[in-house]
Amino acid sequence: MNKMCLGVIFGNRDFFPDHLISEARKDIISLFQEMNIDSVMLEEHETKLGSVETYHHSKICADLFKKNRDRINGVLVVLPNFGDEKGVADTIKLSGLNVPILVQAYPDDLEKLNVERRRDAFCGKISVCNNLTQYGYDFSLTELHTIHPNSVSFKKDLEKFLGVCRVVNGLRSVRLGAIGARPSSFNTVRYSEKILQNAGITVVTVDLSEIIGDSSRLKDDAVKVKAKLEEIQSYAKHGGVPSNAMLRMAKLGVVISDWMEVNDIQATALQCWTSLQKNYGINACTLMSMMSNQLLPSACEVDITGVVSMYALQLASNSPSALVDWNNNYADDPDRCVFFHCGNWAKSFIPDIEIKTAPILGSTLGEENTYGAMAGGATAGPITYARVSTDDVYGTISAYTGEGEITSDPLDTFGNRAVVHTPGLQKLLAYICRNGFEHHVAMTDKHVSSIITESMENYLKWEVYKHEG
């Protein structure tokens, strides 16, 4: 992931102490160094202490932001005192930026409400937010209305905001690859390209026959094929996999990687059955797992909105994501269930992952044609799950998200699997069924549902259900 960069606006009002601005500047510079964040902010000599107080200051700050628009992921509004409510909104308007905004206000000290130290940022924040609303800007708030930048609470606010910036900016410009047609029996993964495009999400399609044809024509000793084969061999245990199946995987991996590079694709959804097994003789799960582990998420069964869900979670957590089935009950525990897929989860979830066959697909397609599926149980730990879906009838995008834990409960089966505990699971499953969501859901290994909700609901204007148990 690239280093994050925030544009910073220091709001000021002329009859408050100037030294409060200078102190805040030092606080923010120190905090950004600690958190490894780049900044774009006025120098102290460019306006009064580098703050924004007048329309003239707004123009100067906006020009600076314009020059750095390709670097700026979000805007942090800092209010050391009441601030100038119009100056903040004017700066953002003149800059032309369309990025998330976080508004912070310093707290007053009860023992320092004198002329020299009084801030009134508590009040000023309300006025700034009022003007941002009037100007039509969405913005994020800190957990506490006033908070010092040096506090643990604000550092958490800022970490969350960085995640929101990654998700919002990422989804507004992502290019997804749809490789092949959805399996005909899977109406559940239907989606609307036009609705996604309206949200900034581009889908690039390619016929699976082209991918298979190009793979079949690659020579066994091609440099790229040999390199990909070594990459697969070092990625996972593969002792029982025939060499010809490994070679087919390598060739398919080369063609998919080259196609993604040419088309600037950040994530993919593959027609992973049944044509691939019938016409090429392998499963693509290993390659999909490798891509997801490299932060190029890949979803099963041409589930494009599934990979949107994966990509969003990846951006929120800065960690790989996986696409899973809500697959089985776990005995009679109403708050536990089994997550499963025949084997494309990123290795980060399953360190001892192994390349195997897919017994279920193999029962009809011939198990010898399904090498490339993966097996292994996921490591216990926190997860966030999320699902995005398009509604053609109403022209909308909706989503749900929540948090849970992968447990260490025993589970004797094949494929990639995990026992998951999430409070109020039956309520969540009822919501999924009643609202027509898919049986696929994405997961990542951190608790980031608040980032997903803030990003999609506040900035993208999607309907989001956050499950709380």
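Residues numbered from 1 in each chain as written. Predicted model: local features only at pLDDT ≥ 70, side-chain atom pairs only at ≥ 80, totals over all residues. Heavy atoms only, no water.

Quick notes on the overall build of the chain
The helix and strand tally for the chain stands at 15 helices and 18 strands. A compact globule built from 469 residues would reach a C-alpha radius of gyration of about 23 Å, and the chain, at 25 Å, matches this within 12%. Counting only C-alpha atoms, the chain reaches 80 × 50 × 45 Å along its principal axes. Contacts in the chain between residues far apart in sequence, at least 24 positions, make up 77% of those at least 6 positions apart. Carbon together with sulfur atoms contributes 49% to the accessible area of the chain, which is approximately 19,800 Å² in total. Across the chain, the 45 positively charged side chains and the 57 negatively charged ones have centroids separated by 3 Å. (Helix = DSSP H or I, 4+ residues; strand = E, 2+ residues; numbered from the N terminus. Rg over C-alpha atoms; globule rule 2.2 N^0.38 Å. Contact = heavy atoms within 4.5 Å. Areas by Shrake-Rupley, 256 points an atom, 1.4 Å probe, with all protein chains shown as cover. Lys, Arg positive; Asp, Glu negative; His and termini not counted. Charge placed at Lys NZ, Arg CZ, Asp CG, Glu CD.)

Section: helix α8 (residues 223–235)
The end-to-end C-alpha separation of α8 is 19 Å, in line with the 18 Å expected for 13 residues at 1.5 Å each. Taken together, the buried residues of α8 touch α9 (243–263), α11 (285–293), β12 (354–356) and β13 (373–377). (Expected span 1.5 Å × (residues − 1).)

Thoughts on the layout of surface pockets
In this model, the second largest pocket occupies a volume close to 240 Å³. Taken together, 17 residues form the lining of the second largest pocket, with E301, F340, C342, I360 and L361 sitting closest to its centre. Counting only elements with at least two residues in the lining of the second largest pocket, the list comes to β10 (321–330), β11 (333–341) and α13 (359–365). Broken down by element, the lining of the second largest pocket gets its largest block of residues, 3 residues, from α13. (1 Å grid on protein atoms, 1.4 Å probe; cavity = no way out; pocket = protein on both sides within 12 Å on 5 of 7 lines; lining within 4 Å. Points joined across faces, edges and corners; volume = space filled by probe spheres on them.)

Some details on the nonpolar core
Among the nonpolar cores identified, the biggest contains 128 residues, and L158, W326, F339 and M456 are the most heavily contacted of them. Ignoring any residue separated from it by four or fewer positions in sequence, one finds L158 in contact with L6, L31, F32, M35, I37 and L102. (Core = buried A, V, L, I, M, F, W, Y, C linked by side-chain atoms within 4.5 Å. Buried < 20%, exposed > 50% of the residue type's maximum accessible area, 1.4 Å probe, protein only.)

Examining helix α1 (residues 19–35)
For α1, spanning 17 residues, the distance from its first C-alpha to its last is 25 Å, which sits close to the expected 24 Å at 1.5 Å a residue. Inspection of α1 places L20, I21, A24, R25, D27, I28, L31, F32 and M35 among the buried residues, and these make up the whole buried set. Taken down its axis, α1 places every buried residue within 165° of arc, on the same side. Those residues of α1 that are exposed and angled more than 90 degrees off the buried face are K26, Q33 and E34. Contacts from the buried residues of α1 go to β1 (5–10), β2 (38–40), β3 (74–79) and α5 (152–171). Immediately downstream of α1, the backbone of N36 shows phi near 60°, a positive value. (Arc of directions from axis to C-beta.)

Points about the pairing of strand β15 (residues 396–406)
Judged by how many residues are buried, β15 sits mostly within the fold: 8 of 11 residues are covered. Sheet analysis places strand β14 (residues 381–391) next to β15, joined by 11 bridges and oriented antiparallel. Bridge pairing in β15 places R387 opposite Y400. Between β14 and the antiparallel strand that follows it, β15, lie 4 residues; G395 among them carries a positive phi value of about 70°. In terms of strand pairing, β15 meets strand β18 (residues 463–466) through 4 bridges, oriented parallel. Bridge pairing links T401 to K466 in β18. Pairing analysis gives 2 bridges linking β15 to strand β16 (residues 416–421), with the strands arranged antiparallel. What sits directly across from I406, in β16, is V420. (Pairing = 2+ DSSP bridges.)

Here's the deal with the side chain of D84
You can see D84 is positioned in the loop between β3 and α3 (85–95). Of the side chains with opposite charge, R13 lies nearest to the buried D84, which makes no salt bridge, at 4.5 Å. Reaching out from D84, the side chain makes a polar contact with the backbone nitrogen of G87 at a distance of 2.6 Å. Ignoring sequence-local partners within four residues, the contact set of D84 consists of G11, N12, R13, V52 and E53. (Salt bridge = Lys/Arg side-chain N within 4 Å of Asp/Glu carboxyl O. Polar contact = N/O pair within 3.5 Å; in protein donor to acceptor, adjacent residues only side chain to side chain.)

Regarding the packing of aromatic side chains
Overall, the coordinates contain 7 aromatic pairs when judged by the stated rule. A ring pair is formed by F186 and W273, whose centres lie 5.2 Å apart and whose planes are at 85°; its orientation type is edge-to-face. Placement of the pair is F186 in the loop between β6 (175–179) and α6 (193–198) and W273 in the loop between β8 (267–270) and α10 (275–279), with a sequence separation of 87 residues. Overall, the relative accessible area of 17% leaves F186 in the buried class. Of the residues examined, W273 reaches a relative accessible area of 16% and is grouped as buried. A connected cluster of aromatic rings, assembled from ring pairs, spans Y400, Y431, F437 and Y465. (Phe/Tyr/Trp six-rings, centres within 6.5 Å; stacked < 30°, edge-to-face > 60°.)

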